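Fold and contact review
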Amino acid sequence: MMLALQQSVAQSELQQQSRRWYSVSHLSVQERIDRKRNAALIGGGQKRIDAQHKRGKLTARERVELLLDKDSFVECDMFVEHRCSDFGMEEDHNKFAGDSVVTGQGRINGRLVYVFSQRNVMASGVVPQISLIMGPCAGGAVYSPALTDFTFMVKDTSYLFITGPDVVKSVTNEDVTQEELGGAKTHTAVSGVAHRAFENDIDALLNLRNFFNFLPLSNQDPAPVTECHDPSDRLVPGLDTIVPFETTKAYDMLDIIQGIADEREFFEIMPNYAKNIVVGFARMNGRTVGIVGNQPKVASGCLDINSSVKGARFVRFCDAFNIPILTFVDVPGFLPGTSQEYGGIIRHGAKLLFAFAEATVPKITIITRKAYGGAYDVMSSKHLRGDVNYAWPSAEVAVMGAKGAVQIIFRGKSNQAEQEAEYVEKFANPFPAAVRGFVDDIIVPSTTRKRICRDLEVLASKKQTNPWKKHANIPL
Amino acid sequence: MAAYMITSTLRRVLLVAKHASFQSRCCVASSRVQYSTVYDSNEKTFDKILIANRGEIACRVMKTCKKMGIKTVAVHSDVDASAVHVKMADEAVCVGPAPTNKSYLNMDAIMDAIRKTGSQAVHPGYGFLSENKEFAKRLAAEDVVFIGPDTHAIHAMGDKIESKLLAKAANVNVIPGFDGVVEDAVKIAGDIGYPVMIKASAGGGGKGMRIAWNDDETREGFRLSSQEAASSFGDDRLLIEKFVDNPRHIEIQVLADKHGNALWLNERECSIQRRNQKVVEEAPSTFLDPETRRAMGEQAVQLAKAVQYSSAGTVEFLVDSNKNFYFLEMNTRLQVEHPITECITGLDLVQQMIRVAKGFPLLHKQEDIPINGWAIESRVYAEDPYKSFGLPSIGRLSQYQEPINLPKVRVDSGIQEGSDISIYYDPMISKLVTYGATRAEALQRMEAALDNYVIRGVTHNIPLLREIITHPRFISGDITTNFLPEEYPEGFKGHQLTSEGRRELVATAAALYVSAQLRSQRFLGNLRVSTTPQEQRQWELCVELEKGSHTVAVSRSGSTFTVEVDGVKVEVSGEWNLASALLPVTINRTPRVLQCLSRDAGGDITLQYLGTQFKVRVLSQLVSTLSAHMPEKVPEDTSSILRSPMPGSVVAVSVKPGDVVAEGQEICVIEAMKMQNSLIAAKAAKVRPMDTPPLH
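Per an unreviewed UniProt entry, the recorded name for chain B is Propionyl-CoA carboxylase alpha chain, mitochondrial, and the organism is Oncorhynchus kisutch. For the record of chain B, the UniProt heading Cofactor (unreviewed entry) holds the text "biotin". UniProt lists a comment for chain B under the heading Pathway (unreviewed entry), and it reads "Metabolic intermediate metabolism; propanoyl-CoA degradation; succinyl-CoA from propanoyl-CoA: step 1/3."

In the nomenclature of an unreviewed UniProt entry, chain A corresponds to Propionyl-CoA carboxylase beta chain, mitochondrial from the organism Oncorhynchus kisutch. Listed in UniProt under the heading Pathway (unreviewed entry), the comment for chain A reads: "Metabolic intermediate metabolism; propanoyl-CoA degradation; succinyl-CoA from propanoyl-CoA: step 1/3." Quoted verbatim from the Subunit (unreviewed entry) heading of the UniProt record, the comment on chain A is "The holoenzyme is a dodecamer composed of 6 PCCA/alpha subunits and 6 PCCB/beta subunits."

Given below as structure tokens:
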């Protein structure tokens, strides 16, 4: 597992002012080591530390201390200094031991983690990589978090942009603040660059510790299993009534997810972006699972470009790191319209289809209500190698809703109401899919947790390999 | 409408198919109640009864029907299609959309349902059509039995003006007042003398009822009450009477048959009220001596006999500090609080109502009616007790667990986990009843029951209920209907922590935090977790609670934590099950049940302690020190925003664009759960152009 605490600009800012380092030749090597180490530990000096605190931020070392288990940090490269020789940077007073970054390894709840600050493409898919943006991060440096699996930000104090407001103004004459251009709100709600934002440094680091517990250490490790106090056979009576009788009425998919998850805990990824799909981590009987669900509350839970990409990326992460995937389906279809077609919904929708299809981790799917047409197929259907596919009694697996279907099949005919009733009778229920074996069982909603826990136990030994390839060519 | 009925029937068929596989979970725990009368299967009453109601009372009635071997029919609105009362019934019929006037008050649809299902009798529950003589008449016309008194008794007692005249004639003590339809309210109020009570002639349950202390309040109260009366009862006539100061509200349960027999089943003390709606009731009353009880009981029976009353009914009295009692009104239905009478008398009132409706004579004599022990009822509402002792709240019951595993606890409810509390109906969650040999025992059980009651997803009034039943004045029995405003003049603020209570709470939170921290280090079957030589045994923490900060040192030995809070040692032990909603612990050898409502990675823990929810923040010393550097986030200024305190519909807008309003001036009126509430300006301002919301 790798973790980057990013603050490239602020960090170097911190060291701009000098605290002179005298290299005094008559000191013993040991003394020199000690002095250099001490200097490194206080970074740019108390004044700079105070300035950082005043900005509502912590220093790199304080952050590492908060993030890791007590006394577990083992620093490396503490003596590295910059080698810049222009504009007076070569002067001794502009040089600092442990310059700009603090790197090393430590433990979170006893599990190994590397803290670093450089992007590492080769590590992608080998160990989970998380970036936490805790200050301004601009220019090429933004690709460091962009290449990691998850990017989290601190509200009000962190920014990410390729070019800052001044350059934007000079090039496009656009007036924009740092916050609007690349603040936490922008990236978690508009651009989808960041996966979540936290209130402040402390909140972010404590949540990161919590999040870390969901993840395996590497692609060679199984998803972690923690001690669980929540009975795996717990019934969830509330689920029997959660799907409203009117098929057009919304409900909150999060109610289902929290209902079935251990201790109602769900660590949502990208909660404010493409809200028509919900993705995140939970535990089932102590075991980490990734959950994907359509959200009927937002845009009827339809799939569009952003939600497809959001879902696909999450599914691929889970697959890369041995995390079983639970999929809750209530999807009326792909969002129609020119903006979606011109935007390439075909290409982007294919990503989600591709991701589910190639995934070899255990895949359990629950159809809670609508599962229409192509969108049904995409949402981890049996046709995409789903291991266990369930339907609730309220499920409707069909090519589309009754009204739309009847309008097409019986175009121009007068007795459409009658035909609609017939269509509802025939298709707006789980039977046609069950008869064909597309769903393995029709289950009582309140038993969903029990069924999933049992299936996960069975599927824990699942081994599936895809044909050899250099890498698959996901439709980017 | 026809099309609607077809779909709903179709849905119903689907529903049955969908839910056929599992038994409905009945939430009425009254099976544990011991009734003295047996359910005599040879005594033939009805084959099938339709219950023209919803929620807990519908479930309550069905419960007895089942014991008597009677098939039940539920009626429901479309939003109630999967409600508990629908699942409990043998058959169910949808009678319309959510608004009550289109469903539960829709007589045409209910009459249709009766015909369709072949129901022989109707139990109306309380509220809705229970005291509607028109409904009773329509039933009679089709030879369907109304389980309640005859039409003329409903008519006579339903009209407060007429009932008062009748009571006078039957030698029942009455309050001085104006016995007629009010036209000039201010003049009448002046004649009687302030304070006066304005109330809906057709009303009940506190709706359309207001107290006025001067002419202005009379005018205002008259306006609001008549609106409320019109919307609740379809009848805007009002009456005015002398308001008895410092009164107790004590009512007598009567039971009469069609053969001229009538009994009084002792009293219920219902003085704890807010906005004239009952909150906590008990039976018997601490205040009545046997003579007063007998006098009240006999007058109640006289009144019942005077109107040839049959079925169960309640005669309400106001009792002043000298034990003078005045007739208030007679409710010709089963009361909400009937379970406490059942507890102390052993009678199943619903069974008696059904028997009487069929024409059977009463089996009991007055001397057979006992007072066995003591019973207390808390009305658990989905409402925010911090706003005027309770403003309705709505939501989905994400977790719900009734304390029915405790001895001598009865919970009458019509909801279950997953149920929605909607704006359409009364926000009552349940009636929590405890009983015991003595009042102290019943009270102690109530405390435990409230602590063990898990309600998540909606705001509820358990904080207030628990404060009331543990209040020294309540325990002493010295109560009046003004108890709440007198004891909480600034409004209810939740449980006030003593320094010991504070330490207990802080210690429990710290122990819970440490338990969670320890668990987060336990991975099963993972070989790559560092083999830490020894588990941490000491924790230095900082616990923040209500703006105070405490230095806390925790040490652990097994499941027992020794927590030093600001130097004082507290010992907390428990199971520390982090998945359970309940947190049973022993604090310094005293067993307590707390509830953990939330717990997050940042150290924020919400605990319910002695009924009230407290937000606690547990931090390591390091986090606590560094927290000082974190920027303070400024909450948005909302003084220029007028926010509805609850969901509801706008029934009146009192200002126009361009008006300058003073602080405290009414801007609009919101109606929710049949109560009208004025929204007032938080500061002086000018009204900007607005889209007038559609008025309901």
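From this point, the discussion proceeds with the structure in view.
**Quick look at the overall build of chain B**
Helices and strands together make up the secondary structure of chain B, namely 18 helices and 36 strands. Dimensions of chain B along its principal axes, counting C-alpha atoms only, are 85 × 70 × 60 Å. Residue pairs at least 24 apart in sequence account for 64% of intrachain contacts in chain B once pairs closer than 6 positions are excluded. Accessible surface, chain B as shown: approximately 28300 Å² in total, 51% of it carbon and sulfur. One finds the centroid of the 78 positive side-chain charges in chain B at a distance of 5 Å from the centroid of its 83 negative side-chain charges.

**Remarks on the sheet that holds strand β12 (residues 277–283) of chain B**
All names here are of chain B. Strand order in this open sheet of eight strands is β14-β13-β10-β11-β12-β15-β22-β20, and the pairing throughout is antiparallel. Looking at which strands have only one partner, the edges of the open sheet turn out to be β14 (325–331) and β20 (409–413). When the angles between neighbouring strand axes are averaged without regard to direction, this sheet yields 25 degrees. Pairing of strand β10 (residues 248–256) with strand β13 (residues 311–319) involves nine bridges; the strand directions are antiparallel. The residue of β13 that forms the bridge with I250 is F317. Sheet strands touched by helix α14 (residues 462–469): β11 (262–274), β12 and β15 (374–381). Its angle to β12, the strand with the most contacts, is close to 40 degrees.

**Some points on the interface of chain A and chain B**
Each side of the interface is counted separately: chain A has 47 residues, and chain B has 42 residues. Together chain A and chain B conceal approximately 4200 Å² of surface at their shared face, both sides included; 59% is due to carbon and sulfur atoms. When residues of chain A are sorted by the area they lose upon contact with chain B, E227, H229 and F245 of chain A head the list and together hold 17% of the total. Applying the counting criterion to the chain A and chain B interface returns six salt bridges. With its nearest N and O atoms 2.6 Å apart, the salt bridge here joins E263 of chain A to R519 of chain B. There are eleven residue pairs in polar contact (both at pLDDT 80 or more) connecting chain A and chain B. Of all the secondary structure elements, the ones that give two or more residues to the side of chain A that touches chain B are α4 (60–67) and α9 (201–212) of chain A. Considering every element that reaches the side of chain A that touches chain B, the biggest residue donor is α9 of chain A, with five residues. Across the side of chain A that touches chain B, the residue classes tally to 15 nonpolar, 15 polar and 17 charged.

**Some thoughts on α9 of chain A**
Residues and elements named next belong to chain A. For α9, spanning twelve residues, the distance from its first C-alpha to its last is 16 Å, which sits close to the expected 16 Å at 1.5 Å a residue. Counted residue by residue, α9 has eleven buried out of twelve residues, so it is predominantly covered. Residues D201, I202, D203, A204, L205, L206, N207, L208, R209, F211 and F212 constitute the buried set of α9. The opening residue of α9 is N200, an N-cap whose side-chain oxygen sits 3.1 Å from the backbone nitrogen of I202.

**Some thoughts on the pattern of salt bridges**
Residues and elements named next belong to chain B. Taken as a whole and assessed by the stated rule, the structure comprises 67 salt bridges over all chains. Between R237 and D159 there is a salt bridge, and its shortest N-O distance comes to 3.0 Å. Residue R237 is located in the loop between α9 (215–233) and β9 (238–242), and its partner D159 is located in the loop between α6 (151–158) and α7 (160–169); the two are separated by 78 residues in the primary sequence. The salt bridge partner of R466 is E447, with a shortest N-O separation of 3.2 Å. Placement of R466 in helix α14 and of E447 in helix α13 (residues 439–451) is noted, with a sequence separation of 19 residues between them. Residue R466 is classed as buried on the basis of its relative accessible area of 4%. By relative accessible area, which is 29% here, E447 ends up partly exposed.

**A word on the UniProt feature "domain: CoA carboxyltransferase C-terminal" (unreviewed entry) in chain A**
UniProt annotation of "domain: CoA carboxyltransferase C-terminal" (unreviewed entry) refers to residues 231–470 of chain A when read in the numbering used here. Note that residues 231–470 of chain A is 36% helix and 19% strand, and that its end C-alpha atoms are spaced 43 Å apart.

Definitions and cut-offs
Residues numbered from 1 in each chain as written. Chains lettered and ligands numbered in written order. Predicted model: local features only at pLDDT ≥ 70, side-chain atom pairs only at ≥ 80, totals over all residues. Heavy atoms only, no water. UniProt positions renumbered as here; feature names shortened; annotations may be inferred. Helix = DSSP H or I, 4+ residues; strand = E, 2+ residues; numbered from the N terminus. Contact = heavy atoms within 4.5 Å. Areas by Shrake-Rupley, 256 points an atom, 1.4 Å probe, with all protein chains shown as cover. Lys, Arg positive; Asp, Glu negative; His and termini not counted. Charge placed at Lys NZ, Arg CZ, Asp CG, Glu CD. Pairing = 2+ DSSP bridges. Axes fitted to C-alpha atoms, helices over the stretch in contact; angles between N-to-C directions. Buried area = accessible area lost by both parts, 1.4 Å probe. Salt bridge = Lys/Arg side-chain N within 4 Å of Asp/Glu carboxyl O. Polar contact = N/O pair within 3.5 Å; in protein donor to acceptor, adjacent residues only side chain to side chain. Nonpolar A, V, L, I, M, F, W, Y, C, P; charged D, E, K, R; others polar. Expected span 1.5 Å × (residues − 1). Buried < 20%, exposed > 50% of the residue type's maximum accessible area, 1.4 Å probe, protein only.

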